[in-house]
Amino acid sequence: MRATAAVTEATGAPFELRELELGDPRPDEVVVRVAASGICHTDLICRDQWYPVPLPAVLGHEGAGIVERVGSAVTKVAPGDRVGMTFHSCGRCETCQTGKPAYCHAFFEHNFASSRPADGSSAFGDVHAHFFGQSSFATLSLANERNVVKLPASIPLEVAAPFGCGIQTGAGAVLNSVAAPAGSSIAVFGTGTVGCAAILGAVVAGCTTIVGVDVRPARLELARALGATHVVDGGEGDAVEAIRALTNGGADFALETTASAAVLRSCVDCLAPTGVAGVIGAPAFGTEVSLDVNTILTGGRVVRGIVEGDSIPDVFLPRLVRLWEQGRFPVERLMTFYDFDQIEQAAHDAESGAAVKAVLRMQ
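## Description of the packing of aromatic side chains
Between two aromatic rings, the relevant description is the distance of the centres plus the angle of the planes.
Phase 1: Evaluation of the coordinates by the stated rule reveals 14 aromatic pairs.
Phase 2: When the centroid spacing of 5.0 Å and the interplanar angle of 75° are considered together, the rings of Phe 112 and Phe 132 count as edge-to-face. Remark: Phe 132 occurs in the loop between helix 3 (107–111) and strand 7 (140–144) and Phe 112 occurs in the loop between helix 3 and strand 7; sequence separation between them is 20 residues.
Phase 3: A relative accessible area of 9% means that Phe 112 is categorised as buried.

Now the structure itself:
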């Protein structure tokens, strides 16, 4: 099967469209004709080798499309089904079996090794594939039965595609990871895709004080339009003091989505006693942060990592789609759409902030 794929040849190299041969699916694999794929921060930091993904590779991990073929053991989906693709997990380790697949013991092997975990092979031959179990920067993707989710006809595939990572991460951080109760307060540092999805999640949860923090006025305006009750320009004044003033002494919850160690410190410092800070932004390996131990100790504050919004995709993604159907989760307002051959422009716009969520249309 011939596919057009965006290949990243080396560290920081541009995405180059090439014709590649996609191998046949194995028993547990699914061939998806990709209709759309979001561009995520993680795609770009892997291109730049903040995370050591082997190159050359086909990246992309927010794909959606139509099932074209299935392996002999696949029962979850059939040819013709509309599906979204999400992260991959082993399904066998303790965290997978206790409903926490985002913390799979073999998460890196299944998502960042860009090869089949079983034998290190690639469906694209000499070019690494299987990034997040999909490599969706291509017109054909070889996913796994575990990381495809059926989609209803109600939602356009180009809107559904980013649900597989950035959207579920932000919304899930609020609804699943910290389980913010109605009436609580939350500060969201960074109002890009993940941050805005978190704000929408906070609205759904019934948070009554929702503070969006960013340094871009346009993004702060978007955050307010999506439901933030207050916005703070992090480049002007003391964001921590501003949040404390808005939340009567400190936020119940705070999320760090920017991958900045300095911002993470502010995220922790703005919390009320017993508050929870969620770490979502992914910096380069080796990044360290300095925290005041007594801020955490004497206030009973919690700092925890959050991956994929603690999502069980087969359960959580349909819930988000139902919220979208009801008009309560208008994530399309974050999206800018590009033809597949505009991938370099889309990546540039995503990095510069010109696009909040860049989405590629393959067809």
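## What to know about the pattern of salt bridges
Phase 1: A complete count under the given rule lists 15 salt bridges for this structure.
Phase 2: A salt bridge links Lys 150 to Asp 81; the nearest nitrogen and oxygen atoms lie 3.8 Å apart. In this pair, Lys 150 sits in strand 8 (residues 148–150) while Asp 81 sits in the loop between strand 5 (63–70) and strand 6 (82–85), placing the two residues 69 residues apart along the sequence.
Phase 3: A single salt-bridge network, built from bridges that share partners, covers Arg 47, Asp 48 and Glu 351.

## Observations concerning the sheet that holds strand 4 (residues 57–58)
Phase 1: On the basis of which strands lie adjacent, the open sheet formed by 3 strands has the order 2-1-4 and antiparallel pairing. At either end of the open sheet lies a strand with only one pairing partner, and these are strand 2 (15–21) and strand 4.
Phase 2: Across 2 bridges, the pairing between strand 1 (residues 2–8) and strand 4 is antiparallel. Residue pairing in the sheet places Thr 8 in a bridge with Ala 57 of strand 4.

## Comments concerning the side chain of Arg 116
Phase 1: Here Arg 116 lies in the loop between helix 3 and strand 7.
Phase 2: A polar contact of 2.8 Å, which involves the side chain of Arg 116, links it to the side chain of Glu 29.
Phase 3: When residues no more than four places from it in sequence are discounted, the contact partners of Arg 116 are Asp 24, Arg 26, Glu 29, Ser 121, Ser 122, Ala 123, His 130 and Leu 142.

## Focus on helix 8 (residues 239–246)
Phase 1: For helix 8, every residue scored as buried is listed here: Ala 239, Val 240 and Ile 243. Taken down its axis, helix 8 places every buried residue within 100° of arc, on the same side.
Phase 2: Buried-residue contacts for helix 8 involve strand 9 (185–189), strand 10 (209–214), strand 11 (230–233), strand 12 (251–256) and helix 9 (261–269).
Phase 3: Its side-chain oxygen at 3.0 Å from the backbone nitrogen of Val 240, Asp 238 defines the N-terminal cap of helix 8.
Phase 4: Looking one or two residues beyond helix 8, the residue adopting positive phi is Asn 248, at roughly 60°.

## Quick notes on the packing of helix 5 (residues 166–177) against helix 11 (residues 313–325)
Phase 1: At a minimum axis distance of 11 Å, the contact between helix 5 and helix 11 shows a crossing angle of 95°. If you check the angle between helix 5 and helix 11, you find them roughly perpendicular. Contact with helix 5, carried on its side by Ile 167, Gln 168, Ala 171, Gly 172, Leu 175 and Asn 176, involves Pro 313, Phe 316, Leu 317 and Leu 320 of helix 11 and no other residues of that element.
Phase 2: Looking at side-chain class alone, the contact of helix 5 with helix 11 contains 7 nonpolar, 3 polar and no charged residues.

## Remarks on the sheet that holds strand 9
Phase 1: An order of 11-10-9-12-13-14 is seen for the 6 strands of this open sheet, with the pairing classed as parallel. Every interior strand has two partners, whereas the edge strands, strand 11 and strand 14 (302–305), have only one. The mean angle between the axes of side-by-side strands here comes to 20°, regardless of whether they run parallel or antiparallel.
Phase 2: In this sheet, strand 11 lies alongside strand 10 in parallel orientation, the contact comprising 4 bridges. Note that in strand 11 the partner of Asp 214 across the bridge is Asp 233.

The rules behind the values
Residues numbered from 1 in each chain as written. Predicted model: local features only at pLDDT ≥ 70, side-chain atom pairs only at ≥ 80, totals over all residues. Heavy atoms only, no water. Phe/Tyr/Trp six-rings, centres within 6.5 Å; stacked < 30°, edge-to-face > 60°. Helix = DSSP H or I, 4+ residues; strand = E, 2+ residues; numbered from the N terminus. Buried < 20%, exposed > 50% of the residue type's maximum accessible area, 1.4 Å probe, protein only. Salt bridge = Lys/Arg side-chain N within 4 Å of Asp/Glu carboxyl O. Pairing = 2+ DSSP bridges. Polar contact = N/O pair within 3.5 Å; in protein donor to acceptor, adjacent residues only side chain to side chain. Contact = heavy atoms within 4.5 Å. Arc of directions from axis to C-beta. Axes fitted to C-alpha atoms, helices over the stretch in contact; angles between N-to-C directions. Parallel < 35°, antiparallel > 145°, perpendicular 65-115°, else oblique. Nonpolar A, V, L, I, M, F, W, Y, C, P; charged D, E, K, R; others polar.

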